[in-house]
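# Architecture at a glance
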Amino acid sequence: MKEIYLAGGCFWGTEHFFKQIKGVVETEVGFANGHTDNPTYKEVYTDTTGYAETVRIKYDESVRDLEFLLNMFFHAIEPTSLNRQGHDEGTRYRTGVYYVSDDQLPVIEKVFREQQARLSEPIAVEVKPLERFYPAEEYHQDYLDKNPDGYCHLPLSLFEFARKQ
């Protein structure tokens, strides 16, 4: 199994999106690359901790590779928007790809080059090694499974798209 950490705005929708994809075997929402220890959602919400709402994605590379997952990620974000996805705004909602091994970086760079060629504005998604990750509180895990009518910045059609890939 391989891992990648993706920040795509509100982590509820990002997690639900990736859970629909064949080959994704586990997800966990949390907070990545901030500067405090063991942050709570309430602390991260203040935009003073440096954390981004992020989803840890564990995937079976024999079913779906990193390139595929990153291209799917670009379907779920507005890649030129800085610190904002949908109606959610703040540094905690920034988009990012946080990698855990150096061999992931060339794949990330390739996908970003290809995606940038399709856009007229520069991509605002940060790419950094994962420095820290803390799981969010339990009520955030699998939030849209527990709360099917809960808030989500992503359209329902995107989840269906992910299931069909």
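These lines cover the structure that appears in this document, whether it is placed above or below. If you're wondering where the values come from, they're calculated on a predicted model, not measured in any experiment. (Residues numbered from 1 in each chain as written. Predicted model: local features only at pLDDT ≥ 70, side-chain atom pairs only at ≥ 80, totals over all residues. Heavy atoms only, no water.)

A separate point is the overall build of the protein. In terms of helices and strands, the protein carries 6 helices and 8 strands. Mapped from its N terminus to its C terminus, the protein presents α and β elements in the order β-α-β-α-β-α-β-β-β-α-β-β-α-α. Its C-alpha atoms give the protein a radius of gyration of 15 Å, within 12% of the compact-globule value 15 Å for 165 residues. Expressed along its principal axes, the backbone C-alpha trace of the protein runs to roughly 35 × 30 × 30 Å. In the protein, which comprises 165 residues, the proportion classed as buried is 48%. Excluding contacts between residues fewer than 6 apart, the proportion of contacts in the protein whose partners are at least 24 apart in sequence is 78%. (Helix = DSSP H or I, 4+ residues; strand = E, 2+ residues; numbered from the N terminus. Rg over C-alpha atoms; globule rule 2.2 N^0.38 Å. Buried < 20%, exposed > 50% of the residue type's maximum accessible area, 1.4 Å probe, protein only. Contact = heavy atoms within 4.5 Å.)

Structurally, Pro-135 can be placed in strand E8 (residues 133–135). Measuring from C-alpha to C-alpha, the distance between Pro-135 and Leu-158 comes to 25 Å, with 23 residues separating the pair along the chain. Beyond its immediate chain neighbours, meaning those up to four positions away, Pro-135 contacts Glu-28, Val-29, Gly-30, Phe-31 and Gln-141.

Everything listed is a geometric property; what it means functionally is a separate question.
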